[in-house]
Every structure is written in structure tokens, then in C-alpha cells.
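Fold and contact review
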Amino acid sequence: MTAISATPRARRTGRRWVVRALLALLVVALAGVGALALTWARASTDTTGQVAFDRPLAIPPLAPSRIENGTRVFDLRATTGTTDFGVGDGATRTWGFNGAYLGPTLRAERGEQVRIDVANDLPEMTTVHWHGHELPAAMDGGPHQEIPPGQTWSPSWTVDQPAATTWYHPHPHGATADQVVRGMAGMFILDDDTSRTLDLPDDYGVDDVPVVVQDQAFDGDGQFRLAEHPFSPVGHLGDTILANGTVGGYHEVTTERIRLRLLNASPSRVYDFGFDDGREFALVGTDGGLLPAPHRTDAVRLSPGERAEIVVALDPAERVVLRSNAPDLGADPWTGRFAGGDDRFDILQLRAADTLTASPEVPATLAEAPGLDPADAVATRQFRFSGVSINGQRMDMARIDEAVLADTTELWEIETSDGAPHNFHVHGARFTVLDIDGDTPGPELSGWKDTVYLAPATTTRILVHFTDHADPDLPFMIHCHLLRHEDRGMMAQFVVLNPGQEPGHVPATHHHVSAPRGAR
Ligand code: C2O
Ligand code: CU
Ligand code: CU
């Protein structure tokens, strides 16, 4: 009623006020949209077509070893140093094994007894974990096997698993991302009779090439920094890709086919590897070894910790670039973008010589199929991955979360429920993927795995086979291999028991590092 009785002038003033308020709102909204658009635009990186490829790809040296009383012995020394990546004008402070950055490639044969003498010359405690190995928990190098500064740790075990591309890296509780990003990682290749007799490229560093892929961020002084966007659901995402520590590397190819052993040693980034011309290649191996048969594809997605062995054919004198296309994370567009889901990178260039040595065709059959049967599962367990916890709990070094029986198979159901990307890794065991949301996975998941990507709001069912390395007191780890999640507590512990055994008590550790986090 008041509006009807108001004078025309008052009505005009009222209208002007409304218009002004709307304009102000519009300005605020536009500024907000602008800021948001800028944030959105800056949240993704695309280096395709922009990398110079002017440095030869570094090849990690094969670690020398010696035989002592029938045991193959390696020496690893964790050390600090500086590395010139050709980024910025200073040398970058880095950490590595037997050198300033990354580590040598260890190589052993199935059936061999190995020992690695790991000396810690770092200013802080570390551990060295053999990711993908089946061994006693005391040799695993998880958070319980601490190596204080100045000390040497000498784990020893018999290699008894199929040929595979595995790796090693530190695992100190709460500081894994920090130490790995500083450069602590190396490859560990296992051979067996099958891998030795198959006609696959196997001349290390020539046509069988390790490719350790990391994403780094450099500050103005050329130093590494842990780049954590406030909206990132996964932690650090670097904008510079290193392959074996080389930024923009090229590799001279002298054979018709080359095998690349791809390792995602990045703390949080998921890659979708392929080539710049979209060519097909043969995926021949995954985490736990060779596939039953090669899988022809033009893309292979690897989340942190996963490996893939691929064989690609080249024509004389051509150049082809290994790149990572935008990985399908299965997340909503916002989460996906801030998790690196829209990022694209050129990683390294393969330069074929004018004449290439003949390589045999990729064999049509490779290794024995895993052949785990859900009917053999003696137990079913559920794991819910959410935030930085598993089944609502964060890691407790003193708590044993699960106990399994030696030499059995179990069905594990891993559910993600928080909208963020995660992945699943288990120590000291191998698994096969039974289904993802009820769907049988493709041939890329037809072999042994130890790490698998978990898209948001999915249930992944796996069949895990445990070895006979029982220990009631010392646990193995289950965790998200997105290292920020792991460091913040997305990790649980299980012991492997012999029949009749009960879970024991985890021996106390100091689990602290002396240097402040983030001081780099
Ligand atoms: Cu690659 Cu628990 O580690
Ligand atoms: Cu591991
Ligand atoms: Cu996670």
C-alpha cells in the first residue's frame, strides 16, 4: 500500500537507489568472477610445443654390486648436494643416493639373495622403502625402519617374485613428500627367466631406458619449493617436468624399438602418457611385472608410485615427443582442474638415428597371468578413503589396523567418498584389480599391481596375495601414495601372521626428523 501512496519523486529516488545497488552488486560480482576466472586460468599448465629439448636425457647409472658369501651387495649413500637443472641461474640444493640427485638403478635376479647397505649422510632421519618388493616387514624400509643421520642400515632378503620395474624411496612418517621431492628416488629392476628369454629390448640405457618422472616447482633462486595451491585437493603440483632429473631431455634412439620404463615418482601428479603424434605403443608391463600379453594403446595413465613398461617403434631420422595429456581423474571439473586434471606436458624427445638396428617384434605372449580367483579369498575387508584418513582413522605408528594370514588371498574393497583423487598402495604384497564400480578393468590392469588410482566416489575391488613373510610385531603399510595425504595420516598398518599367531606390539620408534619441514 505504501508504494501506491508514495509521490512520483520518492518513487524515482527509490528506483535510483535500487539501480545503484544493483550496479554496485554487478561490479562486485564481476570482480569476483574476474578473480575466479584468473584463479581458474592460472590453475592449469600446458607446456606442449614449448619445450626446447636441448639436453641429453640423463640415464641413472646401474649401481655396482659385489658378491659376498653368495649375497649380492649394493651400497647406497643418502647425501645432500647441488644440481644444475638449467633452470634459473643458480645450482639447486638437492638430495640423492650416491650423488646429488636421484639414485642409481639397482638390478637383481629372481632367486638371488640381496643386501643393500644404506648409509645416511643427510642432516635428518630417513628410511628407504623398496616399493613393489615382497620381503620380510623388517626389511621393507617403511616408517619403522629408521636410519638416524650417520648410521647405516643393511636390509637383506631373497628376491622371489616375477621380473618387474620397482623403485626405492624414503618413507619417514610425515616427511616422505619432502624427502622425495628433494630428489630421493631410484629404480630397482628385477629380472627372471621369463624376462631374460623374451625378445624385448633390454640393453640398459640404449633401448631399455628408465624414465623417472617428477614435477618440480622452482622459486626465483632456482630452489625447489613445495608448490601447494590453496585449492589443490592433492598437494604439490610442479609446473616443470623432470625425466631422470633432466628438464627438456632428448634421447638418441639407435634401434627400431625402444622400451621405456616409466615411473611416476611425483608426489601428487597423475600423468596420462602418450606421444605427440598420438602413435600407438605396446604396454608390456605394469607395477608387478610383465602383462600376460602386450596391450596396444596410445595412452597409459600413471598415478604416483605406479610404473609402466612400454615398447614404441620409431622410423629412421624421426623425432617424437613423450608427453602427458590431460589425465581423466574422474573428478568434477573444479576438483579435477586443481588436481592437475587439465595439465599437459612435453616430457622428453626421442631422436631416431638415420639408420636403425633391427628390433624383434613385441612377443604376442609375455608372462603368466596372475590368475587370482575371488573364490580363493579367505577374507573380505573394506577400506574407506576420505580426507586424509582410512576408515575414519589417521595413521598411528603404534596401532596395528589389520592382521592377515601368510600365503593367503583376500578381497579388499576400497571406497572413495570425499570427491578428491586418491590412490591405493600396499607394501609387501601384489594384487590384481577385480572390478571398479562393478566393471571389469581393461587390459592395462591385467597384470600384477601394487598401486592403483582411485577416482572420486568409486569402489575398487582387488584381490591381494600375501607372502609367507610373517611377523606379528612389525607391520606393512597400506596408504594413499599422494604423498601429502600419506604424510598427513592417510596410512594404515597390517601384520602378516602364521596360523595360530596373534598380532603383537609394534616396537617404539622416534619418528621425528630433526630439520624443520619446508626448510629447503
Ligand atoms: Cu612407494 Cu609406502 O610407498
Ligand atoms: Cu611401497
Ligand atoms: Cu589420497
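Residues numbered from 1 in each chain as written. Chains lettered and ligands numbered in written order. Predicted model: local features only at pLDDT ≥ 70, side-chain atom pairs only at ≥ 80, totals over all residues. Heavy atoms only, no water.

Details of the overall build of the chain
A tally of regular secondary structure across the chain gives 6 helices and 34 strands. Considered along the principal axes of its C-alpha atoms, the chain spans approximately 105 × 65 × 50 Å. When the 520 residues of the chain are sorted by exposure, 55% land in the buried category. Counted over contacts in the chain with a minimum sequence separation of 6, partners at least 24 positions apart contribute 78%. When the accessible area of the chain is evaluated, it comes to approximately 20,700 Å², of which 51% is carbon and sulfur surface. Distance between charge centroids for the chain: 13 Å, based on 42 positive and 70 negative side chains. (Helix = DSSP H or I, 4+ residues; strand = E, 2+ residues; numbered from the N terminus. Buried < 20%, exposed > 50% of the residue type's maximum accessible area, 1.4 Å probe, protein only. Contact = heavy atoms within 4.5 Å. Areas by Shrake-Rupley, 256 points an atom, 1.4 Å probe, with all protein chains shown as cover. Lys, Arg positive; Asp, Glu negative; His and termini not counted. Charge placed at Lys NZ, Arg CZ, Asp CG, Glu CD.)

Re the sheet that holds strand 21 (residues 300–302)
If you trace the 6 strands from one edge of the open sheet to the other, you get 1-16-24-23-18-21, paired in mixed fashion. The outermost strands of the open sheet, each flanked by one partner alone, are strand 1 (55–56) and strand 21. The pairing of strand 1 with strand 16 (residues 249–255) spans 2 bridges and is classified as parallel. For Pro-56, the partnering residue across the bridge sits in strand 16 and is Tyr-250. (Pairing = 2+ DSSP bridges.)

Focus on the coordination of the copper ion (ligand 2)
The copper ion (ligand 2) binds to the protein through His-129 (NE2) and His-425 (NE2); the donor distances cover 1.9 Å. Here the residue His-129 occupies a position in strand 7 (residues 129–131), and His-425 occupies one in strand 29 (residues 422–426), the gap between them amounting to 296 residues. Exposure remark for His-425: the relative accessible area of 0% places this residue in the buried category. (Donors = N, O, S within 2.8 Å, 3.2 Å for Na, K, Ca; no water.)

Observations regarding the domain arrangement of the chain
Taken domain by domain, the chain holds domain 1 (55–357) and domain 2 (374–497). Placing the centre of domain 1 and that of domain 2 at their C-alpha centroids yields a distance of 22 Å. Taken together, the contact pairs 54 residues of domain 1 with 40 residues of domain 2. Around 3,800 Å² of area is buried between domain 1 and domain 2 when both sides are counted, 58% of it from carbon and sulfur atoms. Area buried by domain 1 at its contact with domain 2 is led by Glu-134, His-144 and His-173, which between them contribute 16% of it. Put simply, domain 1 and domain 2 have 6 salt bridges between them. Across the pair Arg-488 and Glu-228 runs a salt bridge whose closest N-O atoms are separated by 3.9 Å. (Domains from an automatic or database assignment. Buried area = accessible area lost by both parts, 1.4 Å probe. Salt bridge = Lys/Arg side-chain N within 4 Å of Asp/Glu carboxyl O.)

Remarks on the coordination of the copper ion (ligand 3)
Around the copper ion (ligand 3), the protein supplies His-422 (ND1), Cys-480 (SG) and His-485 (ND1) as donor atoms, at distances of 2.0 to 2.2 Å. Of note, the donors binding the copper ion (ligand 3) are all from one chain and are spaced H-x57-C-x4-H. Taken as a pair, His-422 in strand 29 and Cys-480 in the loop between strand 33 (471–479) and helix 6 (483–487) lie far apart in primary sequence, 58 residues in all. We note that His-422, like Cys-480, is buried.

Considering the sheet that holds strand 11 (residues 186–191)
Across the sheet, 4 strands lie side by side as 5-11-10-7; this open sheet has mixed pairing. Among the strands making up the open sheet, the edge pair consists of strand 5 (106–109) and strand 7. Neighbour-to-neighbour, the strand axes of the sheet open up by a mean angle of 25°, direction not taken into account. Bridge count for strand 10 (residues 164–169) against strand 11 is 5 bridges, and the pairing is antiparallel. Bridging from a neighbouring strand, Tyr-168 pairs with Gly-186 of strand 11. (Axes fitted to C-alpha atoms, helices over the stretch in contact; angles between N-to-C directions.)

Thoughts on the environment of Ala-299
The topology assignment puts Ala-299 in the loop between strand 20 (289–297) and strand 21. A relative accessible area of 30% means that Ala-299 is categorised as partly exposed. Between the C-alpha atoms of Ala-299 and Leu-454, which are 155 residues apart in sequence, the distance is 18 Å. If sequence neighbours within four positions are ignored, Ala-299 has contacts with Asp-272, Phe-273 and Phe-281.

Here's the deal with the nonpolar core
Leu-106, Ile-116, Trp-130, Phe-188, Phe-385, Trp-412 and Phe-424 are the most contacted members of the largest nonpolar core, which totals 58 residues. The residues that make up this core include at least three from each of domain 1 (55–357) and domain 2 (374–497). In terms of nonpolar packing, the next biggest core, distinct from the first, is built from 30 residues, Leu-260, Leu-291, Val-300 and Leu-348 among them. (Core = buried A, V, L, I, M, F, W, Y, C linked by side-chain atoms within 4.5 Å.)

What to know about unusual backbone geometry
Residues other than glycine seldom take positive phi values, yet Leu-102 does so here, at roughly 55°. Inspection of the secondary structure puts Leu-102 in the loop between strand 4 (92–97) and strand 5. A positive phi angle, near 55°, is found at Ala-457, a position not held by glycine. Mapped onto the elements, Ala-457 comes out in the loop between strand 31 (451–454) and strand 32 (459–466).

Remarks on the pairing of strand 30 (residues 429–436)
The element strand 30 is extensively covered by neighbouring structure, given that 6 of its 8 residues are classed as buried. With 7 bridges connecting them, strand 30 and strand 32 associate as antiparallel partners. Bridge pairing in strand 32 places Val-433 opposite Ile-462.

Remarks on the packing of aromatic side chains
Inspection of every chain in the model, using the stated rule, returns 26 aromatic pairs. Ring centres of Phe-218 and Phe-224 lie 5.3 Å apart, and the angle between their planes is 55°; on these two criteria the pair is classed as tilted. Side by side, Phe-218 and Phe-224 carry an identical accessibility label, which is buried. An angle of 50° between the planes, with centres 4.6 Å apart, marks the rings of Trp-334 and Phe-338 as tilted. Of this pair, Trp-334 and Phe-338 are both found in helix 5 (residues 333–338), 4 residues apart, which corresponds to roughly one turn of the helix. By relative accessible area, which is 3% here, Phe-338 ends up buried. Three or more aromatic residues joined by ring pairs form one cluster here, namely Phe-383, Phe-385, Trp-412, Phe-424, Phe-431, Phe-466, Phe-476 and Phe-494. One cation-aromatic arrangement involves Arg-182 over Trp-95; the distance from NZ or CZ to the ring centre is 4.2 Å. (Phe/Tyr/Trp six-rings, centres within 6.5 Å; stacked < 30°, edge-to-face > 60°. Lys NZ or Arg CZ within 6 Å of the ring centre and 35° of its normal.)

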